[in-house]
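The lines below spell out each chain.
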Amino acid sequence: MNIEKAINEASQNLIKKRIKSALLDSEILMSKVLKKDKKFLITNSEEEISDNDYKNFKKLIAIRLKKKPIAYLTGVKSFWKYDFIVNEKVLIPRPESELLIEQVLENYKNKENINFLDIGTGSGCIILSILKEKKSFLGKGVDVSKDSLKVCKANANRLGLNSRLKLFKSDIDNFSLGKYDLVISNPPYIKNLDFKNLDDDVVKYEPKKALDGGLDGLSEIKKVIKKSSELVKNRGKLILEIAHDQKNEVKKILISNNFYINKVVKDFAKKDRCIISTKI
């Protein structure tokens, strides 16, 4: 079978399972099997693939049919300007989380030697992207998951950032090392009742601990804000990702913990997604 026919066959099978990105997923998995880029697939669409490659391709498609996310099948996810190693121990980076990086770069465009903390580091996509952009910054990452920190360390190695990064395994409640110019966090913020509305890709495969914000979606956010009020220097900033319907509640929590609200930023879908605040 040639490349084009194999991709189309796989795509039709994925469509039957209502996978919206059926064609793209088929192309990505074919690229993985052949170790070639998309341009190669297009320019060599008539080329026959070996029986072994076809067998491996069908295996990957069979797993995707069970809704396993494409990023976990390829082991990488593009975020900001880089490809990050991911596995089922870490949340898959989302485009909306790039807002955190944009806001850090905007708020610190004329600043050097910033010491910052990332709470809930996961794959490291946020902290490492910032460190790549700002060569004089020093970052610390804290995460309760040892497996997440392993993934972050692997990504730091790939990006050559080990010298400016320190990682700590700890619940944020028990972390008290240092004072920071800036704290950033994309904490778990999904309400318990909202889990039933999430896609199978997310519910079945992504780590629940990285998503679960408790009954009201605010339990982890409250912890982050409370601890940040101790860890952020006066006039330092806390930049948080939130759910689209949490703005008012989170603003109240911030104010009660001595933070001034600078602004709320909307994501690409025009939903509230990021709050920038200053410790006063």
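Refer to the preceding data block for the structure.
Residues numbered from 1 in each chain as written. Predicted model: local features only at pLDDT ≥ 70, side-chain atom pairs only at ≥ 80, totals over all residues. Heavy atoms only, no water.

1. Considerations on the nonpolar core
Among the nonpolar cores identified, the biggest contains 29 residues, and F116 and L128 are the most heavily contacted of them. Put simply, the parts of the chain that give this core at least two residues each are β2 (82–85), α6 (98–107), α7 (125–133), α8 (146–159), β6 (180–185) and β9 (272–279). Per element, the largest residue contribution to this core is six residues, and it comes from α7. V142, Y189, V224 and L238 belong to the second largest nonpolar core, which has 28 residues in total. (Core = buried A, V, L, I, M, F, W, Y, C linked by side-chain atoms within 4.5 Å. Buried < 20%, exposed > 50% of the residue type's maximum accessible area, 1.4 Å probe, protein only. Helix = DSSP H or I, 4+ residues; strand = E, 2+ residues; numbered from the N terminus.)

2. Looking at the sheet that holds β9
The strand order β5-β4-β3-β6-β7-β9-β8 describes an open sheet built from seven strands, whose pairing is mixed. Of all strands in the sheet, those bounded by a partner on one side alone are β5 (165–169) and β8 (259–266). On average, each strand axis in the sheet is tilted by 15° relative to the strand beside it, whichever way the strands run. As paired strands, strand β7 (residues 232–241) and β9 are joined by five bridges and run antiparallel to one another. Paired with I239 across the strands is I276, a residue of β9. Across the face of the sheet, helix α10 (residues 219–231) comes into contact with β3 (115–119), β6, β7, β8 and β9 while running at roughly 160° to β7. (Pairing = 2+ DSSP bridges. Axes fitted to C-alpha atoms, helices over the stretch in contact; angles between N-to-C directions. Contact = heavy atoms within 4.5 Å.)

3. With respect to the state of the cysteines
Tallied over the full model, the rule gives zero disulfides. In this structure C125 is a free cysteine whose sulfur lies 9.0 Å from that of C152, the closest cysteine sulfur available. (Disulfide = S-S within 2.5 Å.)

4. Quick notes on the packing of helix α2 (residues 22–34) against helix α4 (residues 51–65)
Packing of α2 against α4 leaves a shortest axis separation of 9 Å and a crossing angle of 140°. Judged by the angle between their axes, α2 and α4 are oblique. Of the two possible hands of crossing, α2 and α4 adopt the one that is right-handed. Listed contacts from α4 to D25, S26, L29, M30, K32, V33 and L34 of α2 are D53, N56, F57, L60, I61 and R64. (Parallel < 35°, antiparallel > 145°, perpendicular 65-115°, else oblique. Left-handed = near helix turned anticlockwise from the far one by under 90°.)

5. Structural notes on the packing of aromatic side chains
Under the definition given, this model contains five aromatic pairs. Note on Y82 and F84: the rings are 6.5 Å apart at their centroids and 90° apart in plane angle, and the pair reads as edge-to-face. With relative accessibility at 18%, the residue Y82 sits in the buried group. When the ring centre of F195 is taken as origin, the NZ or CZ atom of K208, which lies over that ring, is 5.2 Å away. (Phe/Tyr/Trp six-rings, centres within 6.5 Å; stacked < 30°, edge-to-face > 60°. Lys NZ or Arg CZ within 6 Å of the ring centre and 35° of its normal.)

6. A short note on the environment of Q246
Relative to the helices and strands, Q246 is located in the loop between β7 and α11 (247–256). It is 8.9 Å that separates the C-alpha atoms of Q246 and Y189, two residues lying 57 residues apart in sequence. At 3.0 Å, the side chain of Q246 forms a polar contact with the backbone oxygen of G217. Engagement of the side chain of Q246 in a polar contact is seen with the backbone nitrogen of A243, the distance being 2.9 Å. (Polar contact = N/O pair within 3.5 Å; in protein donor to acceptor, adjacent residues only side chain to side chain.)

7. Thoughts on a positive patch on the surface
Taken together, the side chains of K146, K150, K169 and K209 make up a positively charged region of the molecular surface. Counting through the fold element by element, K209 comes out in the loop between α9 (200–205) and α10. You can call K209 exposed: its relative accessible area is 64%. (Patch = residues over 30% accessible without salt bridge, like charges linked within 9 Å, V, L, I, M, F, W, Y side chains within 5 Å. Areas by Shrake-Rupley, 256 points an atom, 1.4 Å probe, with all protein chains shown as cover. Salt bridge = Lys/Arg side-chain N within 4 Å of Asp/Glu carboxyl O. Lys, Arg positive; Asp, Glu negative; His and termini not counted. Charge placed at Lys NZ, Arg CZ, Asp CG, Glu CD.)

8. Examining the pairing of β2
Burial along β2 is one-sided: Y82 and F84 are buried, while D83 and I85, pointing the other way, are not. Looking at chain direction, strand β1 (residues 76–79) and β2 are connected through four bridges and run antiparallel. Across the sheet, residue K77 finds its bridge partner in β2, namely F84.

9. Comments concerning the pattern of salt bridges
For the structure shown, the criterion picks out 17 salt bridges. Residue K81 pairs with E133 through a salt bridge whose shortest N-O separation is 2.7 Å. One end of the pair, K81, is in the loop between β1 and β2; the other, E133, is in helix α7, with 52 residues separating them in the sequence. By relative accessible area, K81 is classed as exposed at 56%. In this structure, E206 engages R94 in a salt bridge whose closest nitrogen and oxygen atoms are separated by 2.8 Å. Pair noted here: E206 is in the loop between α9 and α10 and R94 is in the loop between β2 and α6, with a separation of 112 residues, a long-range link. Residue classification places E206 among the buried residues on the basis of a relative accessible area of 7%. Among the charged side chains, a network of salt bridges with common partners joins D171, D173, E220 and K223.

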